Amino acid sequence: MITTVKEDTTLIKVKDTLLKNKIDSLALKKTDTIPLDTIKPKETIEDIIVHVAKDYTIQNAKKQTVTLYNEANITYTDIDLKAGIIIVDYKKSTLFAKGIIDSTGYIQRPIFKQGGQESEQDSIIYNFKSKRAIIYGLKTKQGEMFTYGEKTKRVNDSTVYVRKIKFTTSEKKIPDYYIATDKAKLVPGKKIIVGASNLVIADIPTPIFLPFAYFPITETSTSGFLIPAFDTGSSDRGIGFQNGGYYFAINDYIDLTVLGDAYSNGSWGTRISSNYRKRYKYSGSFNFNFENNISGIRGFDDYTKSNRFNIRWSHSPDSKASPNSRFSASVNLGSSKFFRESQNQFNVSQTQTNTFNSSINYSKTFIGTPFNMNLTASHQQNTNTEKITMTLPSLTVNMNRVYPFAGKGGVQKTPIQKMGFNYTMQGQYLINTTDDEFFTSKMFETARSGMQHKTGTNTNIKAFKYFTLSPSVSYEETWQFDYIQKEYDVTENVVVTDTLRGFKSYREYNAGISLSTNIYGTFNFKKGRLKTIRHTFRPSVSYSYRPDFKDKYIQQVQQSADATDLLDYTLFDQGIYGSPSSGLSNSIGISLNNVLEAKVASKDPESDEEDEKITLLNNLNFSSSYNIAADSLRWSPVSFSAGTRLFKDKLAVNLSGSMDPYKVVASSSGSAIRINEFNPNIFRLTNASLTANYSISSEDFDKDKKGKSKNNGNGAQNGVDVIGADINPTDRFGERNGINTKEEDKNKEAKLYNAEIPWSVNLAYSTSYSNNGLEPGSIGIHSIMFSGNVELSPKWKMGYSSGYDVKGGAFTFSRFNFTRDLDSWQFNFNWVPFGTNSSYTFFIGVKSSTLSDLKWDKNKPPDRRLF
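The structure presented is a predicted model; accordingly, all values stated were derived computationally and were not measured.

(A) The arrangement of the overall build of the protein chain in detail. Each helix and strand in the protein chain was counted, giving three helices and 53 strands. Taken over 867 residues, the protein chain has a buried fraction of 34%. In the protein chain, the proportion of contacts linking residues at least 24 apart, taken out of those at least 6 apart, comes to 50%. Surface exposure of the protein chain reaches about 50,900 Å², of which carbon and sulfur atoms provide 55%.

(B) How the structure looks around the pairing of strand 5 (residues 94-98). With five bridges joining them, strand 4 (residues 79-89) and strand 5 adopt antiparallel strand pairing. By the bridge assignment, Ile86 is partnered in strand 5 with Ala97. Hairpin connection, strand 4 to strand 5: the antiparallel pair is bridged by four residues, and Ser93 has positive phi, about 60°. Across five bridges, the pairing between strand 5 and strand 10 (residues 123-127) is antiparallel. Residue pairing for strand 10: Ala97 is matched across the bridge by Ile124.

(C) Spotlight on unusual backbone geometry. The amide bond that connects Leu392 to the next residue, Pro393, takes the cis arrangement and shows omega of -5°. Note on placement: Pro393 falls in strand 29 (residues 387-402). The backbone phi angle of Glu71 is positive, close to 55°, even though this residue is not glycine. In this structure, Ala202 is a non-glycine residue whose phi angle is positive, near 55°. Within the secondary structure layout, Ala202 lies in the loop between strand 16 (197-201) and strand 17 (204-210).

(D) Examining the side chain of Asp821 more closely. Note that Asp821 resides in strand 50 (residues 815-822). The buried category is assigned to Asp821, whose relative accessible area is 13%. In this structure the side chain of Asp821 is engaged in a polar contact, spanning 3.0 Å, whose partner is the backbone nitrogen of Asp823. A distance of 2.6 Å separates the side chain of Asp821 from the side chain of Lys847, its partner in a polar contact. Every residue in contact with Asp821, bar those within four places of it in the chain, is listed here: Lys795 and Lys847.

(E) Main features of the pattern of salt bridges. According to the stated counting rule, one finds 17 salt bridges in the structure shown. Where Asp182 meets Lys164, a salt bridge forms, and the shortest distance between an N and an O atom there is 3.4 Å. Here Lys164 lies in strand 13 (residues 159-168) and Asp182 lies in strand 14 (residues 177-187), a separation of 18 residues in the sequence. Using a relative accessible area of 46% as the deciding quantity, one classes Lys164 as partly exposed. The residue Lys172 makes a salt bridge to Asp823 at a minimum N-O spacing of 2.5 Å. You can see Lys172 sitting in the loop between strand 13 and strand 14 and its partner Asp823 sitting in the loop between strand 50 and strand 51 (825-832), a full 651 residues away along the chain. Judged by relative accessible area, which is 35%, Lys172 ranks as partly exposed. Judged by its relative accessible area of 29%, Asp823 is partly exposed. Through salt bridges with shared partners, one network takes in Lys172, Asp176, Lys795 and Asp823.

(F) Representation of a negative patch on the surface within the structure. On the surface, a cluster of negative charge is contributed by Asp604, Glu606, Asp608 and Glu609. Relative to the elements of secondary structure, Asp604 occurs in the loop between strand 39 (585-600) and strand 40 (612-627). When its relative accessible area of 42% is taken as the criterion, Asp604 is described as partly exposed.

(G) View of the environment of Lys860. With respect to the helices and strands, the residue Lys860 is situated in strand 53 (residues 855-860). Between the alpha carbons of Lys860 and Thr841 there is a distance of 6.4 Å; along the sequence they are 19 residues apart. Apart from residues lying up to four places away in sequence, Lys860 is in contact with Ser838, Ser839 and Tyr840.

Calculation notes
Residues numbered from 1 in each chain as written. Predicted model: local features only at pLDDT ≥ 70, side-chain atom pairs only at ≥ 80, totals over all residues. Heavy atoms only, no water. Helix = DSSP H or I, 4+ residues; strand = E, 2+ residues; numbered from the N terminus. Buried < 20%, exposed > 50% of the residue type's maximum accessible area, 1.4 Å probe, protein only. Contact = heavy atoms within 4.5 Å. Areas by Shrake-Rupley, 256 points an atom, 1.4 Å probe, with all protein chains shown as cover. Pairing = 2+ DSSP bridges. Polar contact = N/O pair within 3.5 Å; in protein donor to acceptor, adjacent residues only side chain to side chain. Salt bridge = Lys/Arg side-chain N within 4 Å of Asp/Glu carboxyl O. Patch = residues over 30% accessible without salt bridge, like charges linked within 9 Å, V, L, I, M, F, W, Y side chains within 5 Å. Lys, Arg positive; Asp, Glu negative; His and termini not counted. Charge placed at Lys NZ, Arg CZ, Asp CG, Glu CD.

Now the structure itself:
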């Protein structure tokens, strides 16, 4: 390390000049107050320059220069410079750096760092005094933007002028594309302002020019206009634009996007969305969509107009925010036909969904007590029937099971000590309405409210060593704040029902006891890989008793001109929790559960691996009941279910149904009525359903060193993935659905020979059967669904999703998705080839959010009809 300063030479010159010219005056007047040796000039170089080089360092004392060669490095204040050659001129207060030319080319280009800014260049001249610089062959990165310039003049830390400049977000040495301009002004970390510019793709200039441009390059989001897309895809709307608007970067915690559409026939729409996040607290998003759709020409019969809206809100707290309370929301509500008639939302999966569901939930646990609370507002909407059900709100208070008779330290040995009590209180305000009355005062006219209290106790007793006896008692009290009253209208000859507000209540209780045990059967095998099969049999018998509580609440009303023709009803029939239980229940329940498991040895007899456990039959269950108090039809239908997984859990098969022991006859209306006579074949299959799911992929055939599949074997557990993702035109940030943007995929390279082609296939089979006993049984649902994807190359992917209705003899909703990763660009084509939702969307654009408006998208939306 060599450090050079100019203090001695400068001081000598100052002293000589002062002594010759003003020695008498200074000596007489100021020799005591200002000593001559304290006068010093202002230093040009403010700090020590630390430098190092691999090969050599040459100091020229006469010219006051220092030359560093090969892997030279200089550190001065907040400046860090690395280059092949660095020359420091202390006399001129300048620094010059350049690379080295060798057999491989121009290497060790200067890399200049100051503060948080970094640039790479061919050569640089820096002035310590003015802090200005001249740079040749600049390459720097600001945010996601790479800047290349032939000649750059750095005025200060906040202003840089560049000539012959290129801007791109491509990380390649030879960029996929760039925006070329003659001159530009760069404010590091803030913005780039350029003059007339031209888009160049693959070093080929395009006919696309801009008179000027402004690029924000801050690390944080900035507000700005969002360029709309021109639309000519629908003749009934005319020409127009979509997704134009403004983005508001409010602060680091919340943003706001306002977008709009407009068409020449008067149709328009708006979308307002916001994302918010507070670290370690909560995060969420809010979306409001509204569309005014017009079809036809005003004044003609085919003219229609509709207003549709949709609201979506998602909120989730951080798991560390509050361990004892939690607030979350998942809201999706609006017009039932919004997605079916929307001209902008291309989320095809939403058009296939016939329900909207919402839930806003707050829960709290009261520390030190057994109580917890749950407050929920929920919403269910059927988009086919346009019926809406809401609870505003539903309050639930639970008391966890307590054991008041437990011994010291909570010991529970005797049946009395094991006796536990629990309590639940639930209150609801229920609204049933329709699309037309949604968000109007009419929706509250038929609202119902009530409250229910439940408590109970149970215990268990070990009986006969192998059996468990579990007695239980429960009590329920229902409060309703509205009730009905029926009167006979003589003039209209109808029964009129009036809903009245007031407090009414009723109480119920029941008692029961159950006896259960586990029986194990083991079958051992001496030959082959199969070592053991174990059968677990869990029989259970229960008895329950419940009195007839409805009888004492029954009222009667005349229902026809005949005064003896009376109708029975209770005040609670239309209540939120219904009427009291009717009929005496004195029943015996029987259930049989079966599980079948096996143990299989390793394929290699000399291996130290443990025997593999396999589940042959997950469950095989039967259940029924016998009502002793009933005068007929004492046996209930027998319910059964079975399930298993095969081929290393890749195939999941589930079967369920019910069997009725009684005959049926036709009523006067033609419907089936059970009679108190057994079937000649004991049981009649009334309904059954069968589902099977199978998943397989190329990973199942890739073996690791141990010869096992890379797949974890849980393919059948996952739901069938719907491949063929949609493009959301409101997504301004380039990361479109269906595009794999993982960091590990950025370095994928396409092989020209012996390339792997990953693929996956998901299959789902579903069928149902029903038999009312009067007509031959019929097949209900009978369909095969299939989906999957193929990675034709590391950059090319194709996805598909379809199905076949065996009963209807036609294909179900189908779609295909093609994606191509173009490095700094991306391509996506989504296609629904046939059906009511026949459509396509095409997109190609820059991935980076900085230039997300550099794109071209084209779409053909599904034909929309307003009803």
